[in-house]
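Single-letter residue listing:
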Amino acid sequence: MLRFLLRRSLGAVVILFLLSIVAFLLFFGMPRDPALLMCGKTCTPANLENLHHVLGLDKSIPEQYGIFLHNLVLGSDGFAQGPCPAPCFGYSYHTNEQVWGTLMDRLPITVSLTLGGAVCFLVIGLGTGLIAAWKRGTLVDKTFTAGAMVISSMQIYFLGPLALAVLVYQTHLFEKPAYHEFTADPATWFTGLIIPWVVLSTIFASQYTRMARSSMIEQLQEEHVRTARAKGMSRRYVFFRYAWRGSLIPIVTIFGIDLGSLLGGAIITEYTFGLPGLGRLAVESVFFSDLPLLLGVMLFSATMILLCNIVVDAAYAYIDPRVRLA
Amino acid sequence: MSRSGRRHLHAAASVLAAAALVLTGCSSGGSKTGGDDKEQRQNAERQKALIKFGDAAASKGPAAEVPGAKPGGTVSVPARDSYAHLDPAQIYVFNEMQVALLLHRGLTGYKATSDDGSKHEIVGDLATDSGTTSDGGKTWKFTLKDGITFQDGSAITSKDIRHSVERLFAPFINQGPPYLQQWLADTPGTDYRKLLPDGPFKGKHLPDTILQTPDEKTVVFKFKKPHPDLPYALAMPGYAVVSQKGDTKEKYDKAPVTTGPYKIQSFRSGKSMVLVKNTNWDPATDPIRHRYVDRFNITFNQQYEDSTKALIADTGADRTAVSWQNSVDAGNLSKVLNDPGMKSRTVIGYQPYVGQMNINLSHKAMQDKKVREAIAYALPTSAFQRAYGGSAAMETPGGIISPTVSGYDPSFDPWGKKKNPGGDPAKAKKLLQEAGKVGMKLTFGYINSQEGQAYSTAMAAGLKKAGFDVQRQEVPAETYYDQVSKLDNNFDIFNTNWGADWPSASTVIPPCFDGRAIADGAQNYSQVNDPKVNSEIDRINRVTDPAEAAAEWGKLGEYLVKDVINVVPTGYFKQTQIAGSRIGGLVYDDVIGGVDPRRLYVK
C-alpha cells in the first residue's frame, strides 16, 4: 500500500509540474500586460519598464518559470512587499498580498462549503438512491428517479437565486447566506451556510441518487447476493452487508472527483451566494491577469483533486479486497 | 476620469456593471430621499453653482450635528468590490474614495453646508483654512491646525505633508490622481516623475522653489503657472496625509496609519473590513466629519441584486445596513422607486459620468464632417438609457459637461436628442447622400458586457436605418479600454465614459480632448487634434476666476460636440441607493456621488 501511495504521489507531482508549465505558457498567451494593468493612469514608459523589472517580466519565460519553482520550494526574500516563505507563490499583482496567505484565508470558506455540501448530497443522494433500489418499480422508486432527473437538469444559478428569493427575502425563514468562522461561532457558521449547502447538494444529490440506485440494483443481481438470499439470509442483511458494499466502488470514484473539484472552488455557488472562497479567487485572478494568484489557485485546486483521487484509490483497497490483492 | 477607474482596470470594473469611480469633486446633484426627476434636476442646478472656498471660521470643527443623530450601534455595509488600495496616494476609485472619507484627512475637504448634501464649500481640513494665495494661484500657503494627530496619537506636522507630497513621485505610487504632481513639475502627462524619481526615499527632496515647509505648521506650494483649483485638488483623498514615521511604502497600502474618525480593525481583502473608532481623532479639529456609529462591518462580494433584495426585505441585521458603493440593480429599480414605503430609505442622484460615443478621427472616412453629423443625428441614445435601467439610471444628454459640473447648459442639445432620443435616421441619411457615402462601412467596437450587448445592438440598428453598413465588433470587457485607447485600433465608433474629478470641466476637456495628449493608452480616445481646442485649453487654464473659467469650458465643450463632432454624448449617469429602516442620516451627497458615510447613525 505504501508503495502504491508513493507511486501515485510521484505521479501527482509530475502532473502538477506539467500543469504549472501549461498555466505559465497560457498566461503569456493572454493579450494583457499585467505590468500595464498595475502601472495605472500615471504610467510612463520608464515606470512600465521598472514594473516589468520588479515583477520579473523582463526575464525570459523559462527563467521566470525557474524562479517560480525556486520560490515555491525554497521561498524568497527578494520581494519588495516582504519575505515569502515556502511554499511561495509570490505576491498578488492586484492586491500586493502573499498568494499563499490569500489561499489559506479563502480555504476555510471553500472547505466549509464543500464538506457541508458533501454531507448533504451524500445523505440525500445515497438515501434516496437506496430507497429507490429497495422499492424498485414502486411509486416511491419512480418518484425519486423522476425527481432526480428533473433536479439534475437545473442549475445552481437558477436554484440559488430562487432559494434566496423564497427562503430569505420573502418568507424570512433563513438568514442571508454568509460565512462566519466556525471557531468563532459554530451556530452562525451553520445557519449562514445552510442554504448554499442545500442548493449545492440538490444539484449533486441527483446524480448520487441515480448512481446509488443503478449500482445497487446491479449488485442485487450478482450471483453472490442471490446465493446469500438463497441461503436464507434476510433481505435487509443481504442488502446492506453484501450489495451495499459492492455498490460503493463507483460511488466512491465519483465522490472523489466531486470532492476534489469542490475543494478547488465551487465558482458558481460562491458567486451566487457571495461567498469569497477559492472559486471566486480563481475568477478574480483571471480577471486581473494576476499570474501569481492564478498559478497559486490553479496548482492548489489541482493538488486537491489529485489528493482526493489518491485517497479514493486507497479507499478502493479498503472497500474491495480484490483491489488489494491485485 | 474614466468611469471605471484606474484606466487599465476600468474594463474590469465596467464588466461587473461599472465600479464607478468618483473623484472628490465629482458632484452628483443628488436628490434627497427618493425625489422625483424634477427635484433631481433642481439639485443638479444647485450643484453646478460654484463651490466656494471657505475661510478660517468655516474650517473650525466640530461639524454641525446631524439632526436627530445619536451615537452607538453597528452598521453593516454590503459591497460588491473589495478595496485594492488603502494608501491615500493610491486611491482614485469611487469605493476607495468613499471609505477614505472615514479614514484619511487632507489639507482641504468638502464641508456640507446643508443637511441634504446638496450644498458644500471647500474648507481647511488639516489646514486652518482652504489656503491663501496672493498671486492668483501660483503660490499657496496652508497652516496646519493644532491638535491634529495620526491614529497612534503622534502629531501631524508639515514634515508629514512634505513627505506625503514627495512620495507621490515614487515609482510604487501609480494609481492615484496626477494633478498636484503635474502642477509642481509644470509638465503635462507623466513626465512629472523626473522631478523626484525615487520620491523622498533616497534622501532627495523637492526644492524650496517648489515646496516649502519652513516650520512645523506651514506648507507653501509654489507653481510656475497659476492653479486656482488647488483647494479642490487637495480635497481628493489621493492627497491625504501619510505618516512619515509610519510609512511602510508598498505595505502601507494594506495597513495605513489613519487620521479620520475611524481606523481599520481588520481588513481581509476580498472578504471583509471592520472599522472602529479612532480614539485619537479630535472632532474639535474636524469641520467635515461625524463619528456616530461605533463600528462599520463591510462585507465584500455582495452583488447589487443581492444587496438590494436584502435591503428591501429589511430584516435582522439588514435593518442597520446601508449601500455605500452598491446601487439598486436595474431589475429592482422600479420596485424601489414606486414603493411609497421605500421612499424614506431611498436616495437618488446624479453621478459625474457622461457616456460618449467616440468617433475615431484617425480614420479617413471619419474625417468627413457630414459623416460625423450623420452619426450624431442617427445615433439612438435611448438605447444607452434602456441598457442601464431606463430614466432612473440614465438621463439623455445634450453636451459632454454633466449636470454636476460648473458650465453645464441644460438647453444645449445640438442633435435634438432630448426631444428625440431615438435618433433621426431620415436626416442622417440625407447627410450621407450629400456626402455620397450611403452604405459606407462603419466599424462599431462595443464592450462585451450585458449593457454593451444591449445598447450596441439597438444603436447599430439605428445607424443602419440611416444608411450605414454597421459592423459590430465585440471587445472583451477586461481589455476594452486597453484596446480602444490604442492609436491604431480599427474601430470607427466606440463608447467610453468619463467623470469630472471636481466640479470643473478642467478635469474633463483637457484630459480627453487635448490634441497634444494623443498617445497609446491616453484618454483622447477620439484622437481629436483641433488647433482651436488646443489653444482654448491653454487659454482657459490661465483664467483664474473660477466662474469665468466655468463659462469658457462650457463654450469649449459645446464647440466640441456641435462643431468638431468627435463625440456624441450618450448619457448622464444616475444612481439610486437604499438603506435599512434603522439607518439615520441617510443623504445622497453631491460631491461624493453616493451615500455620505460620515453622517450615518443607527436609529
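None of the values given here were measured: they were computed from a predicted structure. (Residues numbered from 1 in each chain as written. Chains lettered and ligands numbered in written order. Predicted model: local features only at pLDDT ≥ 70, side-chain atom pairs only at ≥ 80, totals over all residues.)

What to know about the domain arrangement of chain A
All names here are of chain A.
Next up, step 1: Domain annotation of chain A identifies domain 1 (2–96) and domain 2 (100–325).
Next up, step 2: Taking only C-alpha atoms into account, the centre of domain 1 sits 33 Å from that of domain 2.
Next up, step 3: At the interface, 22 residues of domain 1 touch 19 residues of domain 2.
Next up, step 4: Those elements that place two or more of their residues in the side of domain 1 that touches domain 2 are α1 (2–28) and α2 (34–39).
Next up, step 5: Residue composition of the side of domain 1 that touches domain 2, grouped by class: 15 nonpolar, 5 polar and 2 charged. (Domains from an automatic or database assignment. Contact = placed C-beta atoms within 7 Å. Helix = DSSP H or I, 4+ residues; strand = E, 2+ residues; numbered from the N terminus. Nonpolar A, V, L, I, M, F, W, Y, C, P; charged D, E, K, R; others polar.)

Some thoughts on the sheet that holds strand β5 (residues 120–124) of chain B
Residues and elements named next belong to chain B.
Next up, step 1: One open sheet holds the 3 strands; their spatial order is β2-β5-β4, and the pairing between them is mixed. The open sheet has two edge strands, β2 (52–53) and β4 (108–112), and neither has a second partner.
Next up, step 2: Here β2 runs beside β5; their pairing, made up of 2 bridges, is parallel. The residue of β5 that forms the bridge with F53 is I122. (Pairing = 2+ DSSP bridges.)

Let's talk about the environment of A:I319
All names here are of chain A.
Next up, step 1: Here I319 lies in helix α13 (residues 291–319).
Next up, step 2: Here the alpha-carbon distance between I319 and S289, two residues 30 residues apart in the chain, equals 44 Å.
Next up, step 3: If sequence neighbours within four positions are ignored, I319 has contacts with R245, L248, I249 and V252.

Some remarks on the pairing of strand β3 (residues 74–78) of chain B
All names here are of chain B.
Next up, step 1: Here β3 lies mainly inside the structure; 4 of its 5 residues are buried.
Next up, step 2: As judged from the 5 bridges shared by β3 and strand β11 (residues 295–299), these two strands associate in the parallel manner. Each residue of the ladder has a partner; that of T74, found in β11, is R295. (Buried ≥ 20, exposed ≤ 12 C-beta atoms within 10 Å, placed from the backbone.)

What about the confidence of the model for chain A?
Next up, step 1: Within chain A, residue pLDDT values average 85, and 94% of them lie at 70 or more.
Next up, step 2: Per-element averaging of pLDDT across chain A places helix α14 (residues 321–325) of chain A at the bottom with 61 and helix α5 (residues 99–134) of chain A at the top with 92. (pLDDT = per-residue confidence, 0-100.)

Concerning the sheet that holds strand β9 (residues 262–268) of chain B
Adjacent strands of a sheet form backbone hydrogen bonds with each other and so pair up, either parallel or antiparallel.
Residues and elements named next belong to chain B.
Next up, step 1: Pairing within the open sheet is mixed, and its 4 strands lie in the order β3-β11-β10-β9. Strand pairing shows two members of the sheet lacking a second neighbour, β3 and β9, which therefore form its edges. Averaged over all pairs of adjacent strands, the angle between strand axes in this sheet comes to 15°, irrespective of strand direction.
Next up, step 2: When β9 meets strand β10 (residues 272–277), the two strands line up antiparallel, connected through 6 bridges. Opposite S266, over in β10, you have V274 as the bridge partner. (Axes fitted to C-alpha atoms, helices over the stretch in contact; angles between N-to-C directions.)

Here we look at the packing of helix α9 (residues 223–230) of chain A against helix α10 (residues 235–263) of chain A
All names here are of chain A.
Next up, step 1: Contact pair α9 / α10: the axes reach a minimum separation of 10 Å and the direction vectors enclose 155°. As summarised for this structure, α9 and α10 are arranged roughly antiparallel, according to the angle between their axes. Handedness of the α9/α10 crossing: right-handed. Contacts between α9 and α10 involve H224, V225, A228 and R229 on the former and, on the latter, V238, Y242 and A243. (Parallel < 35°, antiparallel > 145°, perpendicular 65-115°, else oblique. Left-handed = near helix turned anticlockwise from the far one by under 90°.)

A closer look at unusual backbone geometry
Next up, step 1: With an omega of -5°, the peptide bond between A:A86 and A:P87 qualifies as cis.
Next up, step 2: As for its position among the elements, A:P87 is in the loop between α4 (61–74) and α5.
Next up, step 3: With omega at -5°, the peptide bond leading from B:G61 into B:P62 counts as cis.
Next up, step 4: Along the chain, B:P62 falls in the loop between β2 and β3.
Next up, step 5: Within the chain, A:N96 stands out as a residue other than glycine whose phi angle is a positive 65°.
Next up, step 6: Along the chain, A:N96 turns up in the loop between α4 and α5.

Notes on the nonpolar core
Most often, soluble globular proteins keep nonpolar side chains buried together rather than apart.
Next up, step 1: Counting residues in each nonpolar core, the largest one holds 166 residues, and the members touching the most others are B:V75, B:V322, B:A374, B:I375, B:L463 and B:V508.
Next up, step 2: When near neighbours in sequence (up to four residues on either side) are disregarded, B:V322 contacts B:V75, B:V77, B:A579, B:G580, B:I583, B:L586, B:V595 and B:L600. (Core = buried A, V, L, I, M, F, W, Y, C linked by C-beta atoms within 7 Å.)

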